[in-house]
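Each chain, written out:
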Amino acid sequence: MNTPLFDITKVNTPCYVIEQDYIRKNCEILKQVCDNTGCRILLAQKAFSAYSTYPLISQYLNGTTASGLHEAILGHDKFGGETHVFSPAYTEEDIKELIRYADHFVFNSIRQFNKFKEYMVGKAVLIRVNPRFSTQEGHEIYDPCAPLSRLGSTISSFEKDVREFGLDGIDGIHFHTLCEQNSDDLYKTAMEVERQFGKYLKYFSEINFGGGHHITRDDYDIPLLEKTINHFKDKYGLTVYLEPGEAVALNAGFAVTTVLDIIEGSINNEQDIAIMDISAACHMPDVLEMPYRPVILDSRFNKAGEKGEYRYHYRLGSNTCLAGDITGDYSFKEPLKPGDRLVLCDMAIYSMVKNNTFNGMKLPDIYLNQKGRTERIKTFGYEDFLSRL
Ligand SMILES: *Cc1c(COP(=O)(O)O)cnc(C)c1O
């Protein structure tokens, strides 16, 4: 577990702090995979688009991938390198703009590609396929292989399209079916993709394994990832792409919050409640959406425990009016009091890109920390609320 390298008393709360040294550590691991295998790795900006860090990340990775026009412009302008884009269905207006920024287009079907074929001159074209081979349980919202998925062509729709349109103009296939998974699940999925789509691979030059690879997690099996990459490279001569989001900024950011008030449980015969100045609903929506329980550190960086693990336990809620805006039940070695600071871990990914101003809440400031220098790069106010409504 990474702990903050900055002084948590010297920032305004609520805020996010990005630790450049932890980003660099992740990037070094990813670059090693590229060096060992010849694969190419892109930052999936959907997870993390704090572009102040792009000058650092672009020293290691080959480019970015985008979920649509705005991310593609950002990747092209601020990161450079290759710019890939995927959309389940493009609009013609977007395609007309996108061709100025993106070099790789991933289409949801051969039929979608043919609709826009005239615009794809000089572009690499990939078709997203869906092996309907689910390796994850519990988070159906993040499983592209869940029943009725709209993400990618199944083998039967792919083959129907091949009969109608042929493979002309197509450079490869793309699959994205994982979420926070290890390489054993990737290996199984890749073998299933090969079983279904293998006979087409000799016509292609690229394959993209999507994201969801937790490559920078301590227990990730990198040799098996490299074996999977090498299999497709050696057997079919394909250039292999990976496009992780999480893995690039995993455990590389923190949110800092101040405890504003304590509601004593003894009065109601319930547990104590701490009200924080950070909101799950507004500032870390995945806590409610996924849902998941963030690791929390007290001001001395002791890890908060499960309910009942330490003597003092609290329900941590926020200062919005949403009853369910609760981060969770946590226990601490020392009692909390107003003014105390808490650190929420792994808050670089899917946080800044997803936050909102529900309740008119102020957005957290964003800081960048590097080598003892903590710089505030964004601060937000009333205008940010106003400008969107
Ligand atoms: C979400 C997504 C990614 C990145 O996923 P992570 O879980 O953040 O690694 C990559 N490619 C596609 C197509 C995605 O939808």
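### With respect to the overall build of the protein
- Looking only at helices and strands, the protein features 13 helices and 17 strands.
- Taken over the C-alpha atoms alone, the protein extends approximately 70 × 40 × 40 Å along its principal axes.
- Long-range pairs, those at least 24 residues apart, make up 66% of the contacts in the protein with a sequence separation of at least 6.
- Total accessible area computed for the protein in this model is approximately 17,300 Å², and 49% of it derives from carbon and sulfur atoms.
- Charged side chains of the protein number 42 positive and 54 negative; the gap between the two group centres comes to 2 Å.

### Topic: the packing of aromatic side chains
- For the structure shown, the criterion picks out 13 aromatic pairs.
- Measuring from centroid to centroid gives 6.3 Å for Tyr90 and Phe105, while their planes differ by 55°, and the two rings are tilted. Pair noted here: Tyr90 is in the loop between β4 (82–86) and α4 (92–98) and Phe105 is in strand β5 (residues 104–107), with a separation of 15 residues, a long-range link. For the pair formed by Tyr90 and Phe105, the shared burial category is buried.
- By way of ring pairs, the aromatic residues Tyr90, Phe105, Phe107 and Phe113 are connected into one cluster.
- When the ring centre of Phe86 is taken as origin, the NZ or CZ atom of Arg128, which lies over that ring, is 4.8 Å away.
- Over the face of the ring belonging to Tyr330 we find Arg293, whose NZ or CZ atom lies 3.9 Å from the ring centre.

### Quick look at the domain arrangement of the protein
- Looking at the protein, the domain boundaries give domain 1 (8–16 + 253–347 + 355–387) and domain 2 (38–249).
- Computed over C-alpha atoms, the centres of domain 1 and domain 2 are 34 Å apart.
- Taken residue by residue, the interface counts nine residues in domain 1 and nine residues in domain 2.
- Counting each side, the surface lost to burial between domain 1 and domain 2 is near 660 Å², with a carbon and sulfur contribution of 56%.

### Considerations on a positive patch on the surface
- A contiguous patch of positive charge, built from Arg111, Lys115, Lys160 and Arg163, is present on the exposed surface.
- If you list the elements that add at least two residues to the positive patch, you get α5 (110–115) and α6 (155–165).
- Turning to its location among the elements, Lys115 is positioned in helix α5.

### Brief notes about the site of the ligand
- Near the ligand, the surroundings consist of 13 residues, among which Lys46, Gly212, Glu243, Gly245 and Tyr350 are the closest.
- In the environment of the ligand, an oxygen atom lies 2.8 Å from a nitrogen or oxygen atom belonging to the backbone of Gly212.
- Between the ligand and the protein, one listed contact pairs an oxygen atom with a backbone N or O atom of Glu246 at 3.0 Å.
- Coverage of the ligand by the protein chains reaches 89% of its 380 Å² of free accessible surface.

### Quick notes on the environment of Ser109
- Along the chain, Ser109 falls in the loop between β5 and α5.
- As for Ser109 and Ser153, which are separated by 44 residues in sequence, their C-alpha atoms are 5.6 Å apart.
- Leave out the neighbours within four places in its chain, and Ser109 touches Ile127, Ser153 and Asp161.

### Thoughts on the sheet that holds strand β2 (residues 40–44)
- Ordered in space as β2-β3-β4-β5-β6-β7-β8-β9, the eight strands form a closed barrel in which the pairing is parallel. Averaged over all pairs of adjacent strands, the angle between strand axes in this sheet comes to 25°, irrespective of strand direction.
- The sheet contact formed by β2 and strand β3 (residues 63–66) spans three bridges and is parallel. Counted as the bridge partner of Ala44 is Thr65 from β3.

### Here we look at the packing of helix α1 (residues 20–37) against helix α8 (residues 222–236)
- Between α1 and α8, the least distance of the axes is 10 Å, while the angle of their chain directions is 40°. As the angle between them shows, α1 and α8 are arranged oblique. In this structure, α1 meets α8 at a crossing whose hand is right-handed. Contact residues: Ile29, Gln32, Val33, Asn36 and Thr37 in α1; Ile222, Leu225, Glu226, Ile229, Asn230 and Lys233 in α8.
- A class-by-class count of the residues in the contact of α1 with α8 yields five nonpolar, four polar and two charged.

### Quick look at the nonpolar core
- With 104 residues, the main nonpolar core has Phe48, Phe107, Phe158 and Leu316 as its most contacted residues.
- Looking at this core element by element, the count peaks at six residues for α1.
- A domain-level breakdown of this core finds at least three residues from each of domain 1 (8–16 + 253–347 + 355–387) and domain 2 (38–249).
- For Phe107, the residues in contact, after removing those within four places along its chain, are Phe86, Tyr90, Ile95, Gln112, Phe113, Phe116, Met120, Val125, Leu126, Ile127 and Arg128.

### Remarks on α8
- For α8, with 15 residues, the first-to-last C-alpha span of 21 Å sits near the 21 Å given by 1.5 Å per residue.
- By the burial criterion, the buried members of α8 are Leu224, Leu225, Glu226, Thr228, Ile229, Phe232 and Tyr236.
- The inward-facing, buried residues of α8 abut α1, α7 (183–197), β8 (206–208) and β9 (239–242).
- Capping the start of α8, Asp221 holds a side-chain oxygen 3.2 Å from the backbone nitrogen of Leu224, two or three residues further along.
- Downstream of α8 by one or two residues, Gly237 has phi in the positive range, about 70°.

The rules we used
- Every chain is numbered on its own, with residues counted from 1 as its sequence reads.
- Given that the model is predicted, a residue must reach a pLDDT of at least 70 before its local features are reported, and side-chain atom pairs must reach 80 or more before they are shown or counted; all residues, however, enter totals for whole chains, interfaces and linings.
- Each side-chain value is worked out from all heavy atoms of the structure, with water and hydrogens disregarded.
- A run of H or I in DSSP becomes a helix once it reaches four residues, and a run of E becomes a strand once it reaches two; helices and strands are each numbered from the N terminus.
- We call two residues in contact whenever any of their non-hydrogen atoms come within 4.5 Å of each other.
- Per-residue accessibility takes into account occlusion by the displayed protein chains alone, with areas from the Shrake-Rupley method and a 1.4 Å probe.
- Positive charges come from Lys and Arg, negative ones from Asp and Glu, while His and the chain ends are left out of the count.
- Think of each charge as sitting on NZ of Lys, CZ of Arg, CG of Asp or CD of Glu.
- For Phe, Tyr and Trp, rings pair up if their centres lie within 6.5 Å, where Trp contributes its six-membered ring, and each pair is then called stacked (planes under 30 degrees apart), edge-to-face (over 60) or tilted (otherwise).
- Each residue's exposure class comes from its accessible area (1.4 Å probe, protein chains only) as a fraction of the maximum for that residue type: buried when under 20%, exposed when over 50%, partly exposed otherwise.
- Note on criteria: charge over ring means Lys NZ or Arg CZ within 6 Å of the ring centre, with the direction from the centre no more than 35 degrees off the ring normal.
- Here the bounds of each domain stem from an automatic or database domain assignment.
- Note: buried area is the sum, over both parts, of the accessible area (probe 1.4 Å) each one loses when the two are combined.
- Residues with no salt bridge and a relative accessible area higher than 30% make up the patches, which join like charges within 9 Å and nonpolar side chains (Val, Leu, Ile, Met, Phe, Trp, Tyr) within 5 Å.
- Whenever Lys or Arg places a side-chain nitrogen within 4 Å of a carboxyl oxygen from Asp or Glu, that contact is recorded as a salt bridge.
- If a single non-hydrogen atom of a residue is within 4 Å of a molecule or strand, that residue counts as near it.
- Two N or O atoms count as a polar contact when they lie within 3.5 Å, although within protein this holds only if one can serve as hydrogen donor and the other as acceptor, and sequence-adjacent residues are included solely when both atoms are side-chain atoms.
- Being paired, for any two strands, means DSSP has found at least two bridges between them.
- Axis angles are defined between N-to-C directions and span 0 to 180 degrees, where every axis is a line fitted to C-alpha atoms and, for a helix, only to the segment in contact.
- Put simply, angles under 35 degrees are roughly parallel, angles over 145 are roughly antiparallel, angles from 65 to 115 are roughly perpendicular, and the rest are oblique.
- Crossing handedness is read from the near helix: turned anticlockwise from the far helix by less than a right angle, it gives a left-handed crossing, and turned clockwise, a right-handed one.
- Amino acids outside the nonpolar list (Ala, Val, Leu, Ile, Met, Phe, Trp, Tyr, Cys, Pro) and the charged list (Asp, Glu, Lys, Arg) are all regarded as polar, and Gly is one of them.
- Definition used in this section: a nonpolar core is a set of buried Ala, Val, Leu, Ile, Met, Phe, Trp, Tyr and Cys residues joined via side-chain atoms within 4.5 Å.
- A helix is expected to reach a length of 1.5 Å times the quantity of its residues less one.

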